[in-house]
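Summary of the model geometry
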Amino acid sequence: MNWDDARIFLALQREGALRRAARVAGVDQATVGRRIAALEHALGATLFLRTSEGYVLTPAGESVLRSAEKMEQFANDLVRQAHGTDKRLEGEVKVTTTDTLAMAFVIPAIARLHAEHPDVHIQLNTSTQMVNLARREADIAIRNIKPENPDLVARLLARWPIGLYASEDYLRRQGEPVDGEGFAGHDLVIYQPHLAASRVPTLVGEAIHAGRIVSGVSSSLVLRTLVKAGVAMGEIPVPLAEQDGLVRVWPRRERGGGYEVWLVTHQDLRHTARVRAMIDAVVEEFSRHEGPAD
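Residues numbered from 1 in each chain as written. Predicted model: local features only at pLDDT ≥ 70, side-chain atom pairs only at ≥ 80, totals over all residues. Heavy atoms only, no water.

What follows is about the sheet that holds strand β13 (residues 247–249). With respect to topology, three strands assemble into an open sheet ordered β12-β7-β13, the strand pairing being antiparallel. At either end of the open sheet lies a strand with only one pairing partner, and these are β12 (234–237) and β13. Adjacent strand axes in the sheet meet at a mean angle of 60 degrees when their direction is disregarded. Where strand β7 (residues 162–166) and β13 come together, three bridges link them in antiparallel fashion. (Pairing = 2+ DSSP bridges. Helix = DSSP H or I, 4+ residues; strand = E, 2+ residues; numbered from the N terminus. Axes fitted to C-alpha atoms, helices over the stretch in contact; angles between N-to-C directions.)

Shown next, in the form of structure tokens:
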């Protein structure tokens with residue numbers, strides 16, 4: 001098995017469908033089918049079964065999977081180590097983050113980087129989906145969770161309190177909620193992961209049983225937009241709410257745990273010139289707005 005066959009095999013195993021595997025592998029659908037058929041012929045074994053849920057591995061395929069993953073690891077190690085000695089300020093840097101952090105910090109950092117190093121190209125992915133830096137799905141991740149993988153280097157960019165916010169227009173219409181009344185008579189927008197994870201949903205420690213949930217959202221940028229539009233109240237990291245000109249309700253109360261922002265890269269890439277330049281631009285952008293993290 002050569003690496004190109006292994007790459008297509010892994011794409012089909014992970015995606016479960018020819019079309020999606022082709023998109024990931026950067027080839028057409030017919031090529032994926034043809035390469036898998038040729039691989040099965042060369043190995044003398046059926047590697048996939050086509051089911052109503054997509055392509056699934058046979059026992060022979062499971063055995064091949066372990067070898068293919070080792071090949072992928074070696075190939076990615078080779079690329080990262082080569083890139084780690086690359087001193088050129090040109091080429092592509094893949095960055096993944098959330099839409100909120102992209103709008104407030106990463107896009108301004110890209111603008112600064114482009115002005116200084118116009119030959120560095122940033123491929124920006126805004127998604128809540130976690131990507132695998134070891135597989136080179138991204139060079140830099142800017143996220144709210146510190147990774148545990150020892151091969152990754154993490155830097156804390158910010159640690160912010162989370163408060164309850166509303167627009168001036170909303171407060172003129174609805175007034176402030178009364179402490180202890182569970183948001184009776186008030187409209188709320190909830191970050192869906194918090195809602196799903198809580199047995200008794202709360203905002204800044206106040207149960208929301210008497211409030212009206214206007215929307216549950218999976219994007220903090222959408223949540224901020226709804227609050228800014230005067231639709232409802234919601235929890236927002238303090239610096240971001242202040243940027244939006246929102247009014248903090250119950251200023252002495254905040255959500256437990258706060259909001260952390262981590263910049264993560266693979267240790268093999270941290271000295272690559274173009275990756276280092278993007279890291280420096282992002283760190284500078286956070287420092288300009290918030291000051292250094294604790």
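Side chains of β12 alternate between two faces, with G234 and I236 and E235 and P237 buried alike. Pairing analysis gives four bridges linking β7 to β12, with the strands arranged antiparallel. The partner of G163 across the bridge, within β12, is I236. (Buried < 20%, exposed > 50% of the residue type's maximum accessible area, 1.4 Å probe, protein only.)

This part covers the sheet that holds strand β4 (residues 120–126). Sheets are built from strands that pair by backbone hydrogen bonding, the pairs being arranged parallel or antiparallel. Read from one edge of the open sheet, five strands run β4-β3-β5-β14-β6, paired in mixed fashion. Looking along the sheet, the strands with just one partner apiece sit at the ends: β4 and β6 (152–160). Ignoring strand direction, the axes of neighbouring strands in this sheet form an average angle of 20 degrees. Against the sheet, helix α5 (residues 99–116) touches β3 (91–97), β4, β5 (140–143), β6 and β14 (259–266), its axis set at about 175 degrees to β4. (Contact = heavy atoms within 4.5 Å.)

A separate point is the pattern of salt bridges. Per the stated rule, a full pass over the model turns up 13 salt bridges. For E285, the salt bridge goes to R112, with nearest N and O atoms at 2.9 Å. One end of the pair, E285, is in helix α10 (residues 273–290); the other, R112, is in helix α5, with 173 residues separating them in the sequence. Among the salt bridges present, the one from R172 reaches D169, with a minimum N-O distance of 3.8 Å. You can see R172 and its partner D169 sitting in helix α6 (residues 168–174), three residues apart, about one turn around the helix. Overall, the relative accessible area of 62% leaves R172 in the exposed class. Connected through salt bridges with shared partners, the residues R112, E285 and R288 form a single ionic network. (Salt bridge = Lys/Arg side-chain N within 4 Å of Asp/Glu carboxyl O.)

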